[in-house]
Structure formats: C-alpha cells, structure tokens
Amino acid sequence: MPTQQIAGVAVEVNDEGFFVDAEQWTEEMATPLAEQWGVPVPLTDKHWQVLRFMRSEYFEKGTGPTVRKLGKTSGVTVKELYQLFPKGPAKLAAGCAGIPKPRGCV
Amino acid sequence: MTAVAKKLVILGGGTGGTLAANRLRKAYDAADLQIDVIDQDNDHVYQPGLLFVPFGLATADEITRPRQRQLHRGINYHQSGIRSVDIEADRVVLGDGMVIAYDVLLVATGSVLQPNETEGMNGPGWLDTVFTFYDVQGATALAAKLDDFESGRLVINIVDMPIKCPVAPLEFAFLADWYFTEKGVRDDVTITYVTPLDGAFTKPTAAAALSSLLNEKNIELVTEFNTGEVDGDAQKLIGYDETEIEFDLAVVIPLHGGSPYVEDSPGLGDELGFIPTDNATLQSLVKPNIFVLGDAADVPASKAGSVTHFEGDVLVENIESFLADRPLEAAFDGHANCFIETGFSKALLIDFNYETEPLGGHYPGPVGLPLLKESRLNHLGKLMFQSFYWHGLLPGRDIPGIGAGMPTAGKHTAATAD
C-alpha cells in the first residue's frame, strides 16, 4: 500500500487514493484532500455536513453511502451534492472524508 | 416431528420465491411446513427475454407464464398486493386487508423501476422518444419504435446503479448495432452508451474487454455521466453538471428501488427499499426469522437471475437450519454468471463472485464455455437457458456439473494468465 503525506501526516492509501484506515483522518486533512480530489475550496458548511454524514454512515454501516442514499438521508439534495462535489459526490466526498470508496454496486 | 405445521410465507412469486417454494416443498411434508406464496399478479416474466423483445426476436407472450403454474402442488398461492409487513408481530397485511401470520418470512419481491424519480423521464416524450426495455410494456412499445427508426441518434442511458442485470444495457447496444446493420441503415444511426460508471462495466477486466467491443462496433462510450433530467421534448439528457446529450431515441434504464410496501413496513428496508441482509447466510439483519432472496436484498452482488439461482441452495439450507434451531452454516459467495449477447449470433460469458472479478478462461472447467470471449456456443447457451429456466431452475432441479459456488478450475487467474 502506498503512503501519502497529508497535512504533514503519512497516511496509508490504496491505488485510487482512498484511505485504508478511516481512523487516520483528521479535520485538518479535509481541505488538502479536497484540493487533491478537485473539490472546490474553501469547504462550506454544506460540504462539512456531507463529510460528517459520510463518516458517521461509514462507521455505523461499514461503507459510505451512494449518491442516491446521500440525497435521501443527508439533508442535502442530489442536485446540491453535484454542486458541492462535481463529477461524483459519493466518491469525492469519501475521498475528502478519509473513508474507503463507497461499496459500488455490481 | 412437530404437532403443528410451521408457517413459511414467501413474498413474491418470481425467480427467487418460486424456486425457494418448490425446493422447500420437496424438503418438508405439508404436515411440518405450510408454504404460502403471495404476488400481486399471475404473470411470471422470464426477464432475460425482455432484451429480445425490442428487436422482434421474442414477444411478451413467449416470455410470460402463469406464476401459480410454476409452483408445485401443496404450495398455497395468493394473488394479492402487499400492504405492509409487521416485523414485530410476524405478520403480513395484504392489499385487501387480509392478515397472514408467519413463523418464517422470505422476502423475494425483487426491485421495481422508478422512472418518476428522475426529473422529466416519464413526462413528455415517454414512450415516444424515451423508452425502457426493462418491463413488458416498454419493451413491446420499443419494438414498434425500432421498426420505424431508420436514422438518427440512439442513446442508451443508465441513470444510476443498482439495476437489474447490469450487462443488459450493453447487450442492448450490441444488439442495436446488429439490428441496424441487418436493416442496412447502420451508417445512418449513431449509438451512444451513457453510463454513470467510470467504465463500460463495474469490474476492471470485464470493463476493458467490453469497452474494446463497443469500440469495434462503433458504439460511443460516455462515462461518468450523471443524469439529472430527461427532456423528451427537447430530446436531450441533462447531467447534474449541466452537460447535455442530444438524442432522437433514448433507451433509459430508470432508477431501481425495492417494492413499495417495504417503505410502509417499519424497520424492514433501507432508504432505497432494499432489505439489509447478511451477504453470506441471506438471513436479514432486521430480524432472524426474515430471510431475503434475489434482488430484494442489499447484498453487493448483481441483481440477476443467476445470482438468485445460486443463492437458492444456500437459502434453503439455512431456512432448514433455522427451523431446526441449528446455526446457519451455508454461505453464499456472491457467484454471478451472465451471458452477454453481442449480436450476430454470438455472446460472451462472464463468471464472478464477491471477491473475484470476471476473468478469462473457460467455464465451468478447463473444457467448457469460453469466458470473456465472443463465441457462438455462448449465444446458444443463452438461448437454451430459457427452457432450463422454466423446466429446471424454477422446479428446483440442479444442472449437472454446475454448483452454487464460483468455480476456478478453468480460469486465467494471476498465476495462470496467458
């Protein structure tokens, strides 16, 4: 597994750049991660609402939610999610929140 | 033996509900287990056949049979909608208000199409310029449309996962290429495949093989497109990032969710109406006496008939264990096996599970059907499967040499790749 320096800390990430261990994440890492994933900074309160929701879902259920689940449960609509995290809200928010890539559907 | 029969209620008389009912009927005397199956209609559709309907290769009648006739003697069939399940009281409320109590519940109500969850999808243009082939009505209407369609832009669009049979939209694209070639108008039709995924398919090795096949057939691939709106009047798909894709004919795969009664059954399902289910045992995570088979489960396997079929073995064994108060030992590995029709009487075959992505080689052993490679043999396999479905799979007969677990003998794993 490669390691990467984020906010001055060596973090283990997978080939796609997702955290291997969500416990290694700290709030200071969110902005540098956002820059890395192409999420517009500075992060707004809405961004943070999503990031916190992603982490709590991950720790409760073992996987981050998909966009549809985020739209139904996070209090942020799907449309807004795409404004906050253009391209792919679930993937980009997982990247910024330091959790593994949400378990894709096959 | 118990003095009073235990009651098993099965919600859904499709692939999963039918095969489970038949297998369990064989395993238990009626004096020990009463089996009731509930479904809202009496039309059992062989869903893989829907792919062929738009191209005039099958009709709705040919792929539909009565649900009740697929169930063995000694199974009670109720044709009724389902209002809700009371998981605390172990009972089901039917559409007409009738209440059925159970000792064990099997949820096998699959998934439903939700075109109304995407802005504009079933608005102006629906069944005129915008179609789906994922239900009988849509597939039949699309057949008439394709018959008239001689030139223009055909766009095939998956809104979001999960969907039933994730390879079917690709098969539709391949068959459209064949269909318009046969009609002599292929040069006048552009075919574009628009997916929210970052490749042609979810699994990397198969995605690479399938995207080169799209390329060979001159089908344009647009990835990471997130459909926010379908505008049937202006004839365009509009992404959440406001990019637009114009079409003359859109074939869309709407969002999928669980059956509507799940939402009215407190504690039973998740946000999308699927049932939280143990990936291995197929016991629900909501209550021990509730099991889940097929598309209704939230397990990370394809929503496909082959998965339901392979789950069947595990499910039946675990329901037997549950009824006997034994630990649930049978474990499902996520095995899926899909023929991918590629047109011109050829097909690919892919075989995979939770852990192993689709690989090249042969199935089920070194001598067998070629994997990840176009062949006529696979096409014949796909065609023959319909007969096996009605006469083998649903009645609960096994295919000789084909077990529930994923085989590895004939596959090119990292160590054996050529």
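Everything below is about the structure shown above.
Anyway, here's the lowdown on the structure attached to this text. (Residues numbered from 1 in each chain as written. Chains lettered and ligands numbered in written order. Predicted model: local features only at pLDDT ≥ 70, side-chain atom pairs only at ≥ 80, totals over all residues.)

## Observations regarding the sheet that holds strand S8 (residues 99-101) of chain B
All names here are of chain B.
Stage number 1. Ordered in space as S6-S7-S8, the three strands form an open sheet in which the pairing is antiparallel. Both edges of this open sheet fall to strand S6 (82-86) and S8, since each of them pairs with a single strand only. Between one strand axis and the next, the sheet turns by 20° as a mean value, whatever way the strands run.
Stage number 2. In terms of strand pairing, S6 meets strand S7 (residues 91-94) through four bridges, oriented antiparallel. By the bridge assignment for S7, Val-85 is matched with Val-92. (Pairing = 2+ DSSP bridges. Helix = DSSP H or I, 4+ residues; strand = E, 2+ residues; numbered from the N terminus. Axes fitted to C-alpha atoms, helices over the stretch in contact; angles between N-to-C directions.)

## Some thoughts on the interface of chain A and chain B
Stage number 1. Taken together, the contact between chain A and chain B spans 15 residues of the former and 16 residues of the latter.
Stage number 2. Elements represented by at least two residues in the side of chain A that touches chain B include exactly helix H3 (67-73) and helix H4 (78-84) of chain A.
Stage number 3. At five residues, the largest contribution of residues to the side of chain A that touches chain B is made by H3 of chain A.
Stage number 4. Considering only residue class, the side of chain A that touches chain B consists of six nonpolar, three polar and six charged. (Contact = placed C-beta atoms within 7 Å. Nonpolar A, V, L, I, M, F, W, Y, C, P; charged D, E, K, R; others polar.)

## Structural notes on the nonpolar core
All names here are of chain B.
Stage number 1. The biggest cluster of nonpolar side chains holds 121 residues, and the ones touching the most others in it are Ile-10, Ala-20, Leu-106 and Phe-133.
Stage number 2. Tallying contributions element by element places helix H3 (residues 168-183) first for this core, with eight residues.
Stage number 3. With residues near it in sequence (within four places) discarded, Ala-20 still touches Ile-10, Leu-106, Ala-108, Leu-293, Gly-312, Leu-315 and Val-316. (Core = buried A, V, L, I, M, F, W, Y, C linked by C-beta atoms within 7 Å. Buried ≥ 20, exposed ≤ 12 C-beta atoms within 10 Å, placed from the backbone.)

## Quick look at the packing of helix H2 (residues 45-61) of chain A against helix H5 (residues 89-97) of chain A
Residue and element names in this part refer to chain A.
Stage number 1. At a minimum axis separation of 9 Å, H2 and H5 run at an interaxial angle of 80°. Classified by the angle between their axes, H2 and H5 sit roughly perpendicular to one another. For the pair H2 and H5, contact is made by Val-50, Leu-51, Met-54 and Arg-55 and by Ala-93, Ala-94, Cys-96 and Ala-97, respectively.
Stage number 2. Partitioned by chemical class, the residues of the contact of H2 with H5 number seven nonpolar, no polar and one charged. (Parallel < 35°, antiparallel > 145°, perpendicular 65-115°, else oblique.)

## Quick look at helix H5 (residues 305-323) of chain B
All names here are of chain B.
Stage number 1. Taking 1.5 Å per residue as the helical rise, H5 with its 19 residues ought to reach 27 Å, and the 26 Å between its terminal C-alpha atoms agrees with that figure.
Stage number 2. At Gly-312, H5 shows its maximal bend, which comes to roughly 35°.
Stage number 3. Looking one or two places after H5, you find Asp-325, whose phi comes out positive at around 60°. (Expected span 1.5 Å × (residues − 1). Bend = angle between axes of the 7 residues up to and from the residue.)

This is a description of form; function is not addressed.
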